[in-house]
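Structural description and commentary
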Amino acid sequence: MSSLYFQVCAFFIWVLITIVYFSKQRVKSLETRIYSYLLFITFFSLFFDITIIVLTYLEPIEYLPVIKVLNKFYFSSILMWILMLCKYVVNISYDLEVNNKKLYKKLDKINFLLYITFVIIIFILPVYIYNENGIMYSYGESLNFLLISAGIYALIIVGCVVLKFRTLKNKKYMPVFILIILIALNFIVNRVSPDLLLTTPIMTYIVLIMYHTIENPDMKLINELNIAKSQADKANNAKSDFLSNMSHEIRTPLNAIVGFSQALKEDDDLPESSKSEVNDIIMASNGLLEIVNGILDFSKIEAGKLEIINKEYYFAQLWNDLISLTKARLGDKPLDLQVKYDESIPKVLYGDSARIKQVILNILTNSIKYTKEGYVDFRVSSFIKNDICRLIISVEDSGIGIKAEKIENLFTKFQRLDEDKNATIEGTGLGLAITKKLLDLMNGQITVQSKYGEGSKFTVIIDQKIVHNPTITNVVNNPKIENDITFEGKRILVVDDNKINLKVAIRLLRSYKVIVDLVESGQECIDKVVEGVKYDLILLDDMMPKISGIETLKKLKKIEGFNIPTIAFTANAITGVKEKYLEEGFDDYLSKPMQKSELTEILQKFINNN
Ligand code: ADP
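Residues numbered from 1 in each chain as written. Predicted model: local features only at pLDDT ≥ 70, side-chain atom pairs only at ≥ 80, totals over all residues. Heavy atoms only, no water.

Topic: the environment of valine 89
Examined against the element boundaries, valine 89 turns out to sit in helix α3 (residues 64–94). When its relative accessible area of 1% is taken as the criterion, valine 89 is described as buried. Counting along the chain gives 58 residues from valine 89 to glutamate 31, while the straight-line C-alpha distance between them is 9.2 Å. (Helix = DSSP H or I, 4+ residues; strand = E, 2+ residues; numbered from the N terminus. Buried < 20%, exposed > 50% of the residue type's maximum accessible area, 1.4 Å probe, protein only.)

Structure (structure tokens):
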């Protein structure tokens, strides 16, 4: 009777696992199914075991025929249990159901037929009961047959473990190891102390261990989630790669269009009539560039890959940049640009000035786009509390306005309002969606007030930290974008595998009166530097065959005494790329298509300082 304690404990454990297991959401898989069967079979084994022990204790002789039949049921359930475990191990070893469905189905059928045959044999063969000191032992051919067939299944399990030894790190084998140890233990205990009936408790403990290692539904769900996440990450990375390539491919021809048209615009021999056409080319290609940038930005934001990079910055510089860019966008449109600056804004703030610039410029550009005549009023005010400066930036226009019921659609991607009226105005409907997402990332807000037909007012509120002891130096305060700025006698090396890009570069650099050397590969660039040619600046493309720009830079840096400012000059303009290049050791970044203003800024920053 003492052995009954083990069985009763095992039964309680079984009840607990079963309640916990079935109360949880489970992943649908063959393994989970087999595990559920294992749980059920364990119950039947325990049930038969306990009944046999109780009947033996009560009235052994009277119940002898019943005990014999129960013993056969008990044997059958043990055989079924070990068969299920074997199926489980084979499945986790070879993933047959996934890898070879036909074979799996065939084996399943054979298994089923074998099991039925084994059970019939167990029932046909005799079992004997032997009573010693009130403890009943069973023996006979039926039991021997069970031991042999169970032994064969155990061997298959061991075989799988041996053959798949390499994947042993996989914790799926943990319970299998424990099982083998426990079966051996059971065998020894049965020999040494036959009154201890440990088979069913051991079966329960194995089921328990499996629950805590591999069949825990939470862990399974987490695993599934991890698999789904890694697949999603892969798809996302593929999308990012695709976008980055697409950006590169579109920018390369655009570089030629923008570059040559900028150069043509400055060509004194160009007839006046063609100048306006060249201007149109520049405007159209810049528009196209904006669309490419918008799509890239948006997909980055959606993929959660757009990072806000906070740095110290001079607010006045941001303001001046915004005004000069707005003026450039205004062109000769008859609009009155009114600006009002708040002098109390601290000089240096901490935040992502590039993103704030993008947000405000977008709103300003919209105001210019959607206002035919009248004014655009751009102002900033501030509210300072402790170390935080709340910037309140507003852009008001006397433009076409927005219908009240349409305002909620403003920030939806690809939503353009008043399509019939705006058909002639270029746009994608991405600008404000990006603006809103960026502001969300920076904990900012945007509000819109508008009267249809009269005008709109966009207000952005954003908090920035105040920097009392700035560490930034060397800030180019309002770089003057002059057309006739020159760097006579300075020498620049342009490295690009694309001949058209080289032609564009030389055409644009010509106006600065610099000496330009062109090479088509990283190796040639290294050779030039090793030869000792003294350059004031290197513009280095990244995506080149054989040696990339990044590798070239690494090799350049190994050259003794190398201190030439090197600028990543690339058509890869996906957001965050600039930071990547700076991290790689480039001094700055210039995207293709090369904008003359940006080129001037780079030349001023690096050549003048030289
Ligand atoms: P896009 O300008 O490229 O179409 P946006 O997302 O910047 O895309 O703007 C979405 C829509 O909101 C525009 O198509 C336009 O109908 C409307 N809109 C934005 N700004 C203004 C404005 N200042 N005045 C009138 N309508 C505006």
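So that's the structure; there's more coming.
Quick word on the confidence of the model for the protein
Taken residue by residue, the protein gives an average pLDDT of 83. The fraction at 70 or more is 89%. Within the model, pLDDT remains below 50 along residues 476–481, and this stretch shows ten contacts once partners closer than five positions in the same chain are excluded. (pLDDT = per-residue confidence, 0-100. Contact = heavy atoms within 4.5 Å.)

A short note on the environment of isoleucine 434
Structurally, isoleucine 434 is set in helix α14 (residues 431–441). Residue class for isoleucine 434 comes out buried when judged on its relative accessible area of 6%. Along the sequence, isoleucine 434 and glycine 294 sit 140 residues apart, while their C-alpha atoms lie 7.6 Å from each other. Apart from residues lying up to four places away in sequence, isoleucine 434 is in contact with Gly294, Asp297, Phe298, Ile301 and Gln358.

So, unusual backbone geometry
Cis rather than trans, the peptide bond between lysine 592 and proline 593 has omega equal to 0°. Structurally, proline 593 is set in the loop between β14 (588–591) and α19 (596–608). Positive phi, normally seen in glycine, also occurs at asparagine 443, with a value near 55°. Tracing the sequence through the fold places asparagine 443 in the loop between α14 and β8 (445–451).

Some points on the packing of aromatic side chains
Under the counting rule described, the total for this entry stands at 24 aromatic pairs. Here phenylalanine 315 and tyrosine 341 contribute two aromatic rings whose centre-to-centre distance is 6.1 Å and whose plane-to-plane angle is 20°, an arrangement assigned as stacked. Residue phenylalanine 315 is located in helix α11 (residues 315–330), and its partner tyrosine 341 is located in the loop between β4 (335–340) and β5 (348–351); the two are separated by 26 residues in the primary sequence. Between phenylalanine 487 and tyrosine 512, the aromatic rings sit 6.1 Å apart at their centres with planes inclined by 40°, giving tilted as the arrangement. (Phe/Tyr/Trp six-rings, centres within 6.5 Å; stacked < 30°, edge-to-face > 60°.)

Focus: the sheet that holds strand β12 (residues 537–540)
Reading across from one edge, β11-β10-β12-β13-β14 is the order of the five strands in this open sheet, with parallel pairing throughout. Each having just a single partner strand, β11 (515–519) and β14 make up the two edges of the open sheet. When the angles between neighbouring strand axes are averaged without regard to direction, this sheet yields 20°. Pairing of β12 with strand β13 (residues 566–570), which is carried by three bridges, proceeds in the parallel orientation. Paired with isoleucine 538 across the strands is threonine 566, a residue of β13. In the packing of helix α18 (residues 577–584) onto the sheet, the strands contacted are β13 and β14, and the crossing angle to β14 comes to about 140°. (Pairing = 2+ DSSP bridges. Axes fitted to C-alpha atoms, helices over the stretch in contact; angles between N-to-C directions.)

Points about the side chain of serine 382
Within the secondary structure, serine 382 sits in strand β6 (residues 374–385). On the accessibility criterion, serine 382 (18% relative accessible area) is buried. Here the side chain of serine 382 touches serine 344 through a polar contact of 3.4 Å, side chain to side chain. Non-local contacts of serine 382, meaning those with residues more than four positions away in its chain, are made with Asp342, Ser344, Ile345, Cys389 and Arg390. (Polar contact = N/O pair within 3.5 Å; in protein donor to acceptor, adjacent residues only side chain to side chain.)

Examining the nonpolar core
With 55 residues, the main nonpolar core has Tyr35, Leu79 and Trp81 as its most contacted residues. Mapped onto this core, the elements with two or more residues apiece are α1 (4–23), α2 (30–58), α3, α5 (101–124), α6 (141–163), α7 (174–192) and α8 (199–213). Element by element, the count of residues in this core is highest for α3, at 16 residues. Setting aside its immediate chain neighbours within four residues, tyrosine 35 contacts Ile17, Tyr21, Val207, Met210, Tyr211 and Glu215. The next biggest cluster of nonpolar side chains, apart from the first, holds 42 residues, and it includes Ile301, Phe315, Ile323 and Ile446. (Core = buried A, V, L, I, M, F, W, Y, C linked by side-chain atoms within 4.5 Å.)

Quick notes on the state of the cysteines
Counted under the stated rule, the structure contains zero disulfides. Considering cysteine sulfurs only, cysteine 86 is the nearest to cysteine 160, which forms no disulfide, with 6.5 Å between them. Judged by relative accessible area, which is 5%, cysteine 160 ranks as buried. (Disulfide = S-S within 2.5 Å.)

Let's talk about the packing of helix α12 (residues 353–369) against α14
Where α12 meets α14, the axes come as close as 10 Å, and the angle between the chain directions of the two elements is 145°. In the crossing of α12 with α14, the sense of the turn from one axis to the other is left-handed. Taking contact as the criterion, the partners of Arg355, Gln358, Val359, Asn362, Ile363 and Asn366 in α12 are, on α14, Gly431, Leu432, Ile434, Thr435, Leu438 and Leu439. Among the residues making up the contact of α12 with α14, the classes are represented as six nonpolar, five polar and one charged. (Left-handed = near helix turned anticlockwise from the far one by under 90°. Nonpolar A, V, L, I, M, F, W, Y, C, P; charged D, E, K, R; others polar.)

Comments concerning the pattern of salt bridges
Under the defined criterion, the tally for this structure stands at twelve salt bridges. Put simply, aspartate 463 and arginine 390 hold a salt bridge, and the shortest N to O gap is 2.8 Å. One end of the pair, aspartate 463, is in strand β9 (residues 455–466); the other, arginine 390, is in strand β7 (residues 388–397), with 73 residues separating them in the sequence. Among the ionic pairs, glutamate 584 bridges to lysine 554, the shortest N-O distance being 3.7 Å. Placement of glutamate 584 in helix α18 and of lysine 554 in helix α17 (residues 549–558) is noted, with a sequence separation of 30 residues between them. Residue lysine 554 is classed as partly exposed on the basis of its relative accessible area of 48%. Salt bridges sharing partners connect three or more residues here, namely Asp496, Asp541 and Lys592. (Salt bridge = Lys/Arg side-chain N within 4 Å of Asp/Glu carboxyl O.)

Section: the packing of α2 against α8
With their axes 9 Å apart at the nearest point, α2 and α8 run at an angle of 155° to one another. If you check the angle between α2 and α8, you find them roughly antiparallel. In the crossing of α2 with α8, the sense of the turn from one axis to the other is left-handed. Residues Tyr35, Leu38, Leu39, Thr42, Ser45, Leu46 and Asp49 of α2 form the contact with α8, whose participating residues are Thr200, Met203, Thr204, Val207, Met210 and Tyr211. Per-class residue counts for the contact of α2 with α8 are eight nonpolar, four polar and one charged. (Parallel < 35°, antiparallel > 145°, perpendicular 65-115°, else oblique.)

Some remarks on the pairing of β6
When β4 meets β6, the two strands line up parallel, connected through six bridges. Residue pairing for β6: glutamine 338 is matched across the bridge by aspartate 377. Remark: two residues form the turn of the hairpin made by β6 and β7, two consecutive strands paired antiparallel; asparagine 386 in that turn has positive phi of roughly 50°.

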